[in-house]
Amino acid sequence: MTTRESVSLASLTTFRIGGPAAYVVDCESESDVRDAIAFAREHALPFVVLGGGSNVLAPDDGYAGVVIRPHLTRLSFDERDDGVLAIAEAGVPWDAFVREACMRSLWGVENLAGIPGSVGAAPIQNIGAYGAEVAETVEWVEVLDPETGDVTRVSNADCAFGYRDSRFKRNPGTIILRVAFLLKKDGAPRIGYADLARAQEQGTPLTTPSEIAAAVRAIRAKKFPDLSHEGTAGSFFKNPHITAEAFAALKERYPELPGFPSGALVKVPLAWILDRVLNLRGFTHGNARLYEAQPLVLATTFGARAEEVRALAALVNARVKETTGIELEWEVRELA
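Residues numbered from 1 in each chain as written. Predicted model: local features only at pLDDT ≥ 70, side-chain atom pairs only at ≥ 80, totals over all residues. Heavy atoms only, no water.

Draft legend 1. Representation of the overall build of the protein within the structure. Within the protein one finds nine helices and 20 strands. Each principal axis of the C-alpha distribution contributes one length, and for the protein these read about 60 × 50 × 35 Å. For the protein, buried positions account for 51% of its 336 residues. Intrachain contacts of the protein at a sequence separation of at least 6 include 62% that bridge at least 24 residues. (Helix = DSSP H or I, 4+ residues; strand = E, 2+ residues; numbered from the N terminus. Buried < 20%, exposed > 50% of the residue type's maximum accessible area, 1.4 Å probe, protein only. Contact = heavy atoms within 4.5 Å.)

Okay, here's the thing in C-alpha cells:
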C-alpha cells in the first residue's frame, strides 16, 4: 500500500480535471483496501474509490478525503460445462481483460473492446457499446462492505442492471473487489450495429472475437479524442428513453429520426439530435466542447475546469429540452 498526499485529481482522471485530493492510497491487495479504509477512519476523513478515472468529473477544489485506488490485477479462466468462467480483480484494465478473452477465442465481451477504465468499474456503469452490455456476461460481483468488513458475492439478478445503471451506481458504499464473467467457447458475431455492418461491407473480417474487437477499437479511435492531446470521459450523456407517443411526435417533425424499442420505451440516439437537429458538433464553452467526430462526447483542453464542463452540459441540455422536450441525463458521474 502506498499513501500519497495532495495528489492532483486531474492526473488520475481522463478528463484531466480536478484539484488535489488530500490523500491517495494505491492498494495492491484486499488487505490494502481494508487498511486504506482504516486509514480514512483514523483521520476522520471520507473516502471514495477511483478506478481508471475514465467516467468521472472531479471537482475543481479537489477532494478533502481519501481516494482509494484498487490495483488488484489477478485474472483467471476456468472451464465449465456452460462455458468459461473468467474471474478478474477490480484493478485489471478493462481492455486488457477483453484482449485476453479474445486471445482465448472466448465470446461475450468483444463488442466492448477499447473502453477505458477498469474491470471494477464495468458493472457499476453497466458499460455498453455496439449492441452489447457487460450485464450480459456478468455471473457475479464480489464486494467488500466497509461498514462490516464482510465480503459477499452479488449475483447478476441482484445487481439490478439497467441502461448504464446498476445497484452499485444507485447505492454506492460497497467496494468491488472482483467480477466473474461467463464467456462462451462457441458464439456468433453480433455485427448488426451500423458501424460494424458498414465495416463488414467494406471487407473487414468479423468472424472471430479478436477480429470484432479490433474493428471496434478502430471505430472508437475515429470517434473519441486522443487522450495524449486532450481530455474526455467518453460519452457524456445517456441516450434518452422516451415514450412511444413522444417518439411518434418527434418522428413527425424529424422523419429520419432513428428509434429503437426498449421495453415500453423507445431509445433515441442523442448524437443524431445534437448533430442533425441542433447542429452542435464542435459546440464550445470555454475549454470544453462537443467533439467534432461524435457530439455525444465532451472533450476538454488541458487546463479545463469542471465548472466549464457543467456549464457546457447545461447549455446543451437547455437546447435539447427547448427543441425536443427531452431532459438529458449524464452518463458521467461526479466524484464527491
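Following the structure, the description resumes.
Draft legend 2. Focus on the packing of aromatic side chains. Tallied over the entire structure, the rule returns nine aromatic pairs. A cation over a ring is seen here: Arg220 above Phe224, with NZ or CZ 4.4 Å from the ring centre. (Phe/Tyr/Trp six-rings, centres within 6.5 Å; stacked < 30°, edge-to-face > 60°. Lys NZ or Arg CZ within 6 Å of the ring centre and 35° of its normal.)

Draft legend 3. Structural detail: the nonpolar core. One finds Trp94, Phe97, Phe181 and Leu183 to be the most contacted residues of the largest nonpolar core, which totals 43 residues. Residue assignment for this core shows that the elements contributing at least two residues are strand E7 (83-89), helix H2 (94-103), strand E10 (138-144), strand E12 (175-183) and helix H6 (209-223). Counting 35 residues, the second-largest nonpolar core is a separate cluster that includes Phe236, Trp272, Leu280 and Ile326. (Core = buried A, V, L, I, M, F, W, Y, C linked by side-chain atoms within 4.5 Å.)

Draft legend 4. Spotlight on helix H8 (residues 270-277). Among all positions of H8, only Leu270, Ala271, Trp272, Ile273 and Leu274 are buried. Contact partners of the buried residues in H8: strand E18 (288-290) and helix H9 (306-324).

Draft legend 5. Seen up close, the pattern of salt bridges. In the structure shown here, the tally under the stated rule is 30 salt bridges. For Arg164, the salt bridge identified is with Glu331, shortest N-O distance 3.9 Å. With Arg164 in the loop between strand E11 (151-155) and helix H4 (167-170) and Glu331 in the loop between H9 and strand E20 (333-334), the pair connects residues that are 167 residues apart, well separated along the chain. For the salt bridge of Glu329 with Lys238, the shortest nitrogen-to-oxygen distance reads 3.0 Å. (Salt bridge = Lys/Arg side-chain N within 4 Å of Asp/Glu carboxyl O.)

Draft legend 6. Structural view of the sheet that holds E10. Taken in spatial order, the five strands line up as E6-E7-E12-E10-E11 in an open sheet, and their pairing is antiparallel. Bordering the open sheet on either side are strand E6 (75-80) and E11, each of which pairs with just one other strand. Across the sheet, the axes of successive neighbouring strands diverge by a mean angle of 20°, strand direction being ignored. With respect to the sheet, helix H1 (residues 30-42) is in contact with E10, E11 and E12, its orientation differing from that of E12 by roughly 150°. On the sheet, H2 packs against E6, E7 and E12 and is oriented at approximately 40° with respect to E6. (Pairing = 2+ DSSP bridges. Axes fitted to C-alpha atoms, helices over the stretch in contact; angles between N-to-C directions.)

Draft legend 7. Here's a closer look at the side chain of Asn126. Mapped onto the elements, Asn126 comes out in the loop between helix H3 (122-125) and strand E8 (128-129). Polar side-chain contacts of Asn126 include one of 3.0 Å to the backbone nitrogen of Ala135. Leave out the neighbours within four places in its chain, and Asn126 touches Glu133, Val134, Ala135, Phe161, Gly162, Arg164 and Asp165. (Polar contact = N/O pair within 3.5 Å; in protein donor to acceptor, adjacent residues only side chain to side chain.)

Just distances and angles here, no functional claims.
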